[in-house]
Amino acid sequence: MARSRAERVLPLAKVVLFAACLAPCGLLVWDAVSGSLGPNPVEALLHGTGDWALRLLLVTLAMTPLRRLTGQVWPIRLRRMLGLFAFFYVALHLTVYLWLDRELAWSTIVDDVIKRPYISVGFVAFLMLIPLALTSTRGWMRRLGRRWTQLHRAVYVIAVLGVVHYLWLVKADLREPLIYASVLTILLAFRVPWDRLGAMLRGVRVGRSGP
Amino acid sequence: MLIKRPSDIASSEITPPEIYRRRREFIKAAAAGIGLAGAGPLLLGGGSVLAETSGGTAIPNVRPSPFSTDEQRTSLDDVTHYNNFYEFGTEKSDPAANAGTLKTRPWTLVVDGACEAPGEIGIEDLLSGFTQEERVYRLRCVEAWAMVVPWVGFPLGDLLRRFKPTSKARYVAFETLLDPEQMPGQRRSVLDWPYREGLRMDEAMHPLTILATGLYGELLPNQNGAPLRLVVPWKYGFKSIKSIVRIRFTEREPQATWNMMQPDEYGFYANVNPAVDHPRWSQKKHRVIGEGLFARKHETLPFNGYGDQVASLYSGMDLRRYF
Ligand code: HEM
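If you're wondering where the values come from, they're calculated on a predicted model, not measured in any experiment.

### Description of the sheet that holds strand 5 (residues 171–176) of chain B
Residues and elements named next belong to chain B. A sheet is described by the order of its strands in space; here 5 strands give the open sequence 2-1-10-5-6, paired in mixed fashion. In this open sheet, the two strands that pair with only one neighbour each are strand 2 (119–122) and strand 6 (196–200). Averaged over all neighbouring strand pairs, the angle between strand axes comes to 20°, with direction disregarded. Pairing between strand 1 (residues 108–113) and strand 10 (residues 244–250): 4 bridges, direction parallel. Opposite Gly 113, over in strand 10, you have Phe 249 as the bridge partner.

Here you go:
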């Protein structure tokens, strides 16, 4: 049987997506080399990598709803790459923080992680991402079976931590983090089994009005 | 990456002697064989010093001041494109982009409260009635970055005395213009507008405390708080309120915007103090704007290095409590 059009396009889509995901990093490197990161280049890198980490995490979370809405499987085929790129940007973000922002002054870093809730939350999100990145391969999916799905539900918690990290670090203007929070809320709302929930509630009501 | 492109360098007119001196220092340093990494900040600085004109209006007869530091000045470009001025947006680049809507002429400053001669004074009278001095000060932001800015201005005390504060005047309160038409950032309630700040009377009368009318020899660019702003170099930058329309002598400690909003993060005094962390970041070090990506941070000094002049104002005070 001939392969479906979607499947024929998929390898190309992957290449394009790979380039698209790498582009923000490329731009940041380009700006760094050409000296166009602005008056505070370290801050620009820290914010740029943080922004893209969170954006890609949310795009990753949009793939399952997208499959349901379109009835296509391709969003699921692209999901792993998106998730790994989210991890990549978190790793860059952490590197910028440790190396350029904190200048590898470990005592102040430990201080930050312990004393400053927005850093603690970001750090926990990073730690939780590690096992997900490691088990993202086909082999691990097979080996873990149903437990793989359970494990990877941690991404919901990670995304919430990422948004909370952002909400807690801004000084006064909550607009941007609230935009991310709204998007995340919508994406998580797709995960709620509304029909089962409705049935349950109806069941309760039936139960109460029974003989 | 560290070298300014020629297009960034304004075609300057006459080179002031001090810049000759700096250039010579730079050449000496380069000749001394400092490696590229070490010379990076110097290269940047070299370019920055050249770009000293903005095409603005020069302030005449500006006198030098012994209070000026001879540290490397932050480039005019950075001083005017990295600003916290939430009246024009919350990003650092917003004020430069949006402050064009601010009308700084005519501009009237009202001075009232606990004084014998309350009144008003226009910006032109402020410029002509007070000897304008250049004060090159370190500026330390509460966000752990710093600049060196050649302000033009005059001591706040000189102005305050004209209005004859009474014995009840223990504090001085300041207010920024409130006009969402001119200040688009005020259309959202990010802060409790108008921006307010305050000083204790002795802080306000201290010779280091100035009202600035300009920088780099010219009238203040809008994004830096035109036409009149406070500069208190030993306090975090948010104390140095911009675009002031009102000064009031008060008996009680006046309201201060950031302090009202987050009292545990922004104190009324807000003296630069490496020993008291902001709850969300350390204040022990700061980054100097313009030094580039790989420059090391600098140790923050108590009172931003002005301790010899101002520490006595706070003798006997617990600076951890009154942060
Ligand atoms: C690994 C531990 C992490 C550390 C130490 C860390 C640290 C930081 C720091 C210091 C800032 C700048 C704060 C400021 O300028 O006041 C920041 C900003 C940010 N971080 Fe993180 N972060 C971590 C993890 C994460 C994760 C997991 C995400 C998202 C998935 C994330 C997303 C962001 C975002 C969106 C910003 C704001 C960028 C902006 O203002 O435009 N961070 N982070």
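What follows continues from the structure just given.
### Here we look at the site of the ligand
Residue and element names in this part refer to chain A. Residues in contact with the ligand amount to 19 residues; listed here are only the nearest, His 47, Asp 51, His 93, His 165 and Leu 169. The contact in question runs from a nitrogen atom of the ligand to an N or O atom on the side chain of His 93, over 2.7 Å. Here a nitrogen atom of the ligand and a side-chain polar atom of His 165 are 2.8 Å apart. Taken together, the elements giving at least two residues each to the shell around the ligand come down to helix 2 (41–61), helix 4 (74–101), helix 6 (117–134) and helix 9 (154–169). Of the residues in the shell around the ligand, the class split is 13 nonpolar, 5 polar and 1 charged.

### Topic: the coordination of the iron atom of the ligand
Residues and elements named next belong to chain A. At the metal site, the iron atom of the ligand is ligated by His 93 (NE2) and His 165 (NE2), and these contacts range over 2.0 Å. One way to put it: the 6 donor atoms around the iron atom of the ligand meet at angles of 86 to 179°, and that makes the site octahedral. In this pair, His 93 is assigned in helix 4 and His 165 in helix 9, connecting sequence segments 72 residues apart. Take His 165: its relative accessible area is 17%, and that puts it in the buried class.

### Observations concerning the UniProt feature "binding site: Mo-molybdopterin" (unreviewed entry) in chain B
Taken from the UniProt record, the annotation "binding site: Mo-molybdopterin" (unreviewed entry) applies to Asn83(B), Tyr86(B), Glu87(B), Cys141(B), Thr176(B), Asn224(B), Arg229(B), Ser240(B), Ile241(B) and Lys242(B). Topologically, Tyr86(B) is positioned in the loop between helix 3 (76–79) and helix 4 (94–98). Given a relative accessible area of 10%, Tyr86(B) falls into the buried group. Each residue touching Tyr86(B), except ones within four places of it in the same chain, is listed here: Lys171(A), Ala172(A), Gly185(B), Val190(B), Leu191(B), Trp193(B) and Trp258(B). Take Asn224(B): it is sitting in the loop between strand 8 (218–219) and strand 9 (229–231). Judged by its relative accessible area of 2%, Asn224(B) falls in the buried class. Ignoring anything within four residues of it in the chain, the contact list for Asn224(B) reads Val79(B), Thr80(B), Asn83(B), Leu215(B), Arg229(B) and Lys242(B).

### Observations regarding helix 1 (residues 5–34) of chain A
Residue and element names in this part refer to chain A. For helix 1, spanning 30 residues, the distance from its first C-alpha to its last is 42 Å, which sits close to the expected 44 Å at 1.5 Å a residue. At Pro 11, helix 1 shows its maximal bend, which comes to roughly 35°. Every buried residue of helix 1 is listed here: Leu 10, Leu 17, Cys 21, Pro 24, Cys 25, Leu 28 and Ala 32. In this structure, the buried residues of helix 1 make contact with helix 2 and helix 4. Gly 35 occupies a position one or two residues after helix 1 and carries a positive phi of about 70°.

### Remarks on the interface of chain A and chain B
Chain A puts 26 residues into the contact, and the matching count from chain B is 34 residues. Approximately 2400 Å² of surface area, both sides summed, lies buried where chain A meets chain B, with 47% of it carried by carbon and sulfur atoms. For the chain A face of the interface with chain B, the top three residues by lost area are Pro39(A), Glu103(A) and Lys171(A), together amounting to 32%. Connecting chain A to chain B are 5 salt bridges. Close ionic contact of Glu143(B) with Lys171(A) constitutes a salt bridge, the shortest N to O distance being 2.8 Å. The tally of links from chain A across to chain B stands at 14 residue pairs in polar contact (both at pLDDT 80 or more). Put simply, the parts of the chain that give the side of chain A that touches chain B at least two residues each are helix 1, helix 2, helix 4, helix 9 and helix 10 (175–189) of chain A. Among the elements that line the side of chain A that touches chain B, the one with the most residues is helix 2 of chain A, at 4 residues. Here the side of chain A that touches chain B is composed, by residue class, of 13 nonpolar, 3 polar and 10 charged.

### Here we look at the nonpolar core
Counting residues in each nonpolar core, the largest one holds 80 residues, and the members touching the most others are Leu156(B), Leu159(B), Ile247(B) and Phe249(B). Counting residues per element, this core draws most heavily on strand 4 (residues 145–155) of chain B, which supplies 5 residues. If we ignore the near neighbours within four places in the chain, the residues touching Ile247(B) are Leu109(B), Val110(B), Val111(B), Asp112(B), Leu156(B), Leu159(B), Leu160(B), Val172(B), Ala173(B), Phe174(B) and Leu211(B). Listed in part, the 50 residues of the second largest apolar core include Tyr89(A), Val90(A), Leu161(A) and Leu187(A).

### Some details on the UniProt feature "domain: Ferric oxidoreductase" (unreviewed entry) in chain A
The UniProt feature table records "domain: Ferric oxidoreductase" (unreviewed entry) at residues 49–163 of chain A. As a span, residues 49–163 of chain A carries 88% helix and 0% strand, and end to end its C-alpha atoms are 14 Å apart.

### Notes on the packing of helix 6 of chain A against helix 9 of chain A
All names here are of chain A. Look at helix 6 against helix 9: their axes get within 8 Å of each other, and the N-to-C directions meet at 155°. When the interaxial angle is binned, helix 6 and helix 9 end up roughly antiparallel. Crossing angle aside, the handedness with which helix 6 passes helix 9 is left-handed. Residues Pro 117, Tyr 118, Ile 119, Val 121, Gly 122, Val 124, Ala 125, Met 128, Leu 129 and Leu 132 of helix 6 form the contact with helix 9, whose participating residues are Ala 154, Val 155, Val 157, Ile 158, Leu 161, Val 164, His 165, Trp 168 and Leu 169. Grouping the amino acids of the contact of helix 6 with helix 9 by side-chain chemistry returns 17 nonpolar, 2 polar and no charged.

### A look at the confidence of the model for chain A
Close reading of the predicted structure is inappropriate where its pLDDT is low. Per-residue confidence for chain A gives a mean pLDDT of 93; residues scoring 70 or more make up 95%. Segment residues 207–211 of chain A is flagged for pLDDT under 50; beyond a separation of four residues in sequence, or across chains, it makes 0 contacts in the model.

### Side note on the pattern of salt bridges
Scanning the entire structure with this criterion turns up 23 salt bridges over all chains. The partner of Asp101(A) in a salt bridge is Arg102(A), and the shortest N-O contact between them spans 3.5 Å. Comparing Asp101(A) with Arg102(A), the two get one shared label, buried. Members of the salt-bridge network, linked through shared partners, are Asp101(A), Arg102(A), Asp111(A), Asp112(A), Lys115(A), Arg116(A), Asp277(B) and Lys284(B).

Scoring rules and cut-offs
- Each chain carries its own residue numbering, running from 1 in the written order of its sequence.
- Key to labels: chains lettered from A, ligands numbered from 1, both in the order written.
- In keeping with the predicted nature of the model, local features appear solely for residues at pLDDT of at least 70, side-chain atom pairs appear and are counted solely at 80 or more, and the whole-chain, interface and lining totals rest on all residues.
- No hydrogens and no water enter the side-chain calculation; it runs on all heavy atoms of the structure.
- Two strands are counted as paired when DSSP detects at least two bridges linking them.
- Per the convention used, a helix needs a DSSP run of H or I reaching at least four residues, while a strand needs a run of E reaching at least two, with both numbered from the N terminus.
- With axes taken as lines fitted to C-alpha atoms, and helix axes fitted only over the stretch in contact, angles between N-to-C directions fall between 0 and 180 degrees.
- The criterion for a residue being near a molecule or strand is simple. One of its heavy atoms has to lie within 4 Å of it.
- Side-chain atoms alone can form a polar contact between residues adjacent in sequence; in general such a contact is a pair of N or O atoms within 3.5 Å, and within protein one must be able to donate a hydrogen while the other accepts it.
- Throughout, the ten residues Ala, Val, Leu, Ile, Met, Phe, Trp, Tyr, Cys and Pro are labelled nonpolar, Asp, Glu, Lys and Arg are labelled charged, and all others, Gly among them, are labelled polar.
- In this analysis a donor is any N, O or S atom within 2.8 Å of a metal ion (3.2 Å for sodium, potassium and calcium), and since water is not included, sites may seem incomplete.
- In these descriptions, tetrahedral denotes four donors with every angle between 85 and 135 degrees, square planar four donors and octahedral six donors with opposite donors over 155 degrees apart and the rest between 65 and 115, and irregular any other case.
- Accessible area is worked out with a 1.4 Å probe on protein chains only. A residue is then buried under 20% of its type maximum, exposed over 50%, and partly exposed in between.
- UniProt positions are given in the numbering used here, feature names are shortened, and annotations may be inferred rather than shown by experiment.
- Note on contacts: a residue pair qualifies if any of its non-hydrogen atoms lie within 4.5 Å across the two residues.
- Every helix has an expected span of 1.5 Å times one less than the residues it contains.
- In this analysis the local bend is the angle between axes fitted, respectively, to the seven residues ending at and the seven residues starting at the residue.
- Buried area: the accessible area, evaluated with a 1.4 Å probe, that two parts lose upon being put together, summed over both parts.
- By convention in these notes, a salt bridge is any Lys or Arg side-chain nitrogen within 4 Å of a carboxyl oxygen on Asp or Glu.
- Joining through side-chain atoms within 4.5 Å is the link that ties buried Ala, Val, Leu, Ile, Met, Phe, Trp, Tyr and Cys residues into a set, and such a set is a nonpolar core.
- Every angle not falling under 35 degrees, over 145, or within 65 to 115 is termed oblique; those three ranges are roughly parallel, roughly antiparallel and roughly perpendicular.
- For a crossing to be left-handed, the near helix must be turned anticlockwise from the far one by less than a right angle; the clockwise case is right-handed.
- The predictor attaches a confidence to each residue, called pLDDT, with possible values from 0 through 100.

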